[in-house]
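# A look at the structure
Chain residues, written in single-letter form:
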Amino acid sequence: MRWSREYNSDLLYYESWGKPFVVINSDRTAIDLFERKSSLYADKPRMPMLNDLCGWAWDISFMPYDDTWKLARKLFTRHYRAGAAVRYRDEETRCARELLADILQNDVQLFEHTRLAFGKLIMNVTYGIDVKSADDKYIKNAQKALYAITATGNVGTYLVDSIPLLKYIPEWFPGAKFQREAREWREAAEVMSQQPIEDAKEAMAEGKAPPSVLRSLLEDYGENPSPQEAYAILSATGTAYEVMWSTTLTVILAMLLFPDIKAKAHAELDRAVSRERFPDFGDQASLPYITAICKEALRWRTPLPLAVMHRVTQEDTHNGYHIPGGSTVVLNSWAILYDPKQYPDPERFSPERFLTPSGELNPDAPEPTAAFSYGRRACAGTAMALDTLWIVVASLLWAFDVQRAFDESGNEIDVTGEYTFGVVCYPAPFRCALRPRSENIPALISVSLG
Ligand code: HEM
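Residues numbered from 1 in each chain as written. Predicted model: local features only at pLDDT ≥ 70, side-chain atom pairs only at ≥ 80, totals over all residues. Heavy atoms only, no water.

As recorded in an unreviewed UniProt entry, the protein chain goes by the name Cytochrome P450, listed as coming from Phanerochaete carnosa. Entered under Subcellular location (unreviewed entry) in the UniProt record, the comment concerning the protein chain runs "Membrane". (UniProt positions renumbered as here; feature names shortened; annotations may be inferred.)

Next up, the structure:
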């Protein structure tokens, strides 16, 4: 963003190890390139570290723009497009309520509970697998495999991305630490991509498999989905739950840092829902402030600040600038979502920017579209992401008052508001106290889970 201001350009070009990089810094340029010229900009760069060495080539997000991707995306869209994703709302509601119960038991482990909640949801919807705890084998393994994306997913972090021949040097070679790291991550990625499918198929054979995306795919395509079909489903389990985890933590952090916003959310929930029952999807129209909080969290601390890198397949010219074919194209979502012309005073957490003066959702306010990217490779799970985020945030804010935590000596624990940096960014660990907003809430939570 600093470079875009310094050079007064919404398109930047630089080279790293002789490789061309183009950075898109504005919504208008993103639409021009990713939407208007989408077939030219829908490819993905070859990332030897992530794809070849860490074994992530099967994830839709990193697939080149070819027939395999087209089939994977088609199958994925069939199950996750807006019209289809509504069928996961019961699971999403249950995920939110279980999260409330976990927090009620122990709010110190907020980060772990929240992460587990999304892991459970994804495993359930995708494979029909019921995950019980954070020690579950699928969750533990996925965390290890997913760490590879955070560590390696930005092209150029590892030298092997710039000098692909390095991928052939053996592990024992001096300086080849990356090979040892990659082996561990690759083993985890292999288990992550295969084990749940094998286990779900076994449950189906025994007639014990609940409905799931995998089950419908198997029913539609026969007993052995081709790798493409399997990969299409698996991609949902990838970064999806990590980004939802990050965004939910951002909302909680924002409630801690900006108590006036929290008070307005509570007032809306009390007015539209009352404290006698849980909010549900039927309340969406009467909870615009909650919806605006979700949008603002996606804008204020967007979880994928540089989205997922693209590659332009042929040379191109944009506004007189020459873009060499094969350049890696970086969508600087962060800069777009901090553009003061679209979002005045961008550092301020302000759900109001999405609302009319009378408190309705403003159809003319710029949406945080950049959080999900643009064009053919834009997030394929946006509908499920927004639904899940909404019900989790509505439920959390309905049930709990997010307060500052105190240490053993009674001193308030400082909250820095810092974030980790990687492909997916998360709030750095912070402590807070989540207290039920009324006495009846613990009983309501326990009754709702049966
Ligand atoms: C807060 C939640 C989420 C955010 C902010 C988000 C954001 C993104 C972004 C920025 C991309 C990269 C787009 C590009 O390459 O230009 C992406 C890709 C993708 N997302 Fe999401 N995502 C979220 C949740 C989900 C969920 C819940 C699912 C699945 C149910 C999902 C499925 C996918 C898939 C399959 C792709 C790859 C698309 C392709 O390359 O064709 N995402 N997402």
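More follows now that the structure is in view.
### Structural notes on the site of the ligand
As a structural note, the neighbourhood of the ligand is formed by 28 residues, with Lys44, Arg73, His310, Ser373 and Cys379 the closest of them. Trp69 has a polar side-chain atom sitting 2.8 Å from an oxygen atom of the ligand. At a separation of 2.5 Å, an oxygen atom of the ligand approaches a polar side-chain atom of Ser373. Counting only elements with at least two residues in the shell around the ligand, the list comes to α5 (67-80), α14 (239-257) and α18 (382-399). Broken down by class, the residue content of the shell around the ligand amounts to 20 nonpolar, five polar and three charged. (Near = heavy atom within 4 Å. Polar contact = N/O pair within 3.5 Å; in protein donor to acceptor, adjacent residues only side chain to side chain. Helix = DSSP H or I, 4+ residues; strand = E, 2+ residues; numbered from the N terminus. Nonpolar A, V, L, I, M, F, W, Y, C, P; charged D, E, K, R; others polar.)

### What to know about unusual backbone geometry
The backbone phi angle of Ser274 is positive, close to 80°, even though this residue is not glycine. Within the element layout of this structure, Ser274 appears in the loop between α15 (259-272) and α16 (288-300). We classify Ser274 as partly exposed; its relative accessible area is 25%. We note that Asp345 has phi near 50°; this positive angle belongs to a residue other than glycine. Structurally, the position occupied by Asp345 is in the loop between α17 (333-337) and α18. (Buried < 20%, exposed > 50% of the residue type's maximum accessible area, 1.4 Å probe, protein only.)

### Some remarks on the pairing of strand β6 (residues 328-331)
Burial along β6 is two-sided: the face carrying Thr328 and Val330 and the face carrying Val329 and Leu331 are both buried. By the bridge criterion, four bridges tie strand β2 (residues 19-24) to β6 in an arrangement that is parallel. Each residue of the ladder has a partner; that of Phe21, found in β6, is Thr328. (Pairing = 2+ DSSP bridges.)

### Quick notes on the pattern of salt bridges
What the rule picks out here adds up to 27 salt bridges. Put simply, Asp43 and Arg46 hold a salt bridge, and the shortest N to O gap is 3.2 Å. Given a relative accessible area of 3%, Asp43 falls into the buried group. One network of salt bridges, in which partners are shared, links Asp43, Arg46 and Arg311. (Salt bridge = Lys/Arg side-chain N within 4 Å of Asp/Glu carboxyl O.)

### Structural notes on the side chain of Ser212
For Ser212, the position within the fold is in the loop between α11 (177-205) and α12 (213-221). Residue class for Ser212 comes out buried when judged on its relative accessible area of 11%. A distance of 2.9 Å separates a polar side-chain atom of Ser212 from the backbone nitrogen of Arg215. Residues contacting Ser212, with those up to four places away along its chain left out, are Asn124, Val125, Thr126, Tyr127 and Gly128. (Contact = heavy atoms within 4.5 Å.)

### Focus on the packing of α14 against α16
Running from N to C, α14 and α16 point in directions that differ by 100°, and their axes come no closer than 9 Å. By the criterion of interaxial angle, the relationship of α14 to α16 is roughly perpendicular. Residues Thr247, Thr250, Val251, Ala254, Met255 and Leu257 of α14 form the contact with α16, whose own contacting residues are Ile293, Ala297, Leu298 and Trp300. When grouped by side-chain class, the residues that make up the contact of α14 with α16 number eight nonpolar, two polar and no charged. (Axes fitted to C-alpha atoms, helices over the stretch in contact; angles between N-to-C directions. Parallel < 35°, antiparallel > 145°, perpendicular 65-115°, else oblique.)

### Concerning the environment of Val243
The residue Val243 is located in helix α14 in this model. It is 15 Å that separates the C-alpha atoms of Val243 and Ala378, two residues lying 135 residues apart in sequence. Contact partners of Val243, with chain neighbours within four places excluded, come to Pro303, Leu304 and Val424.

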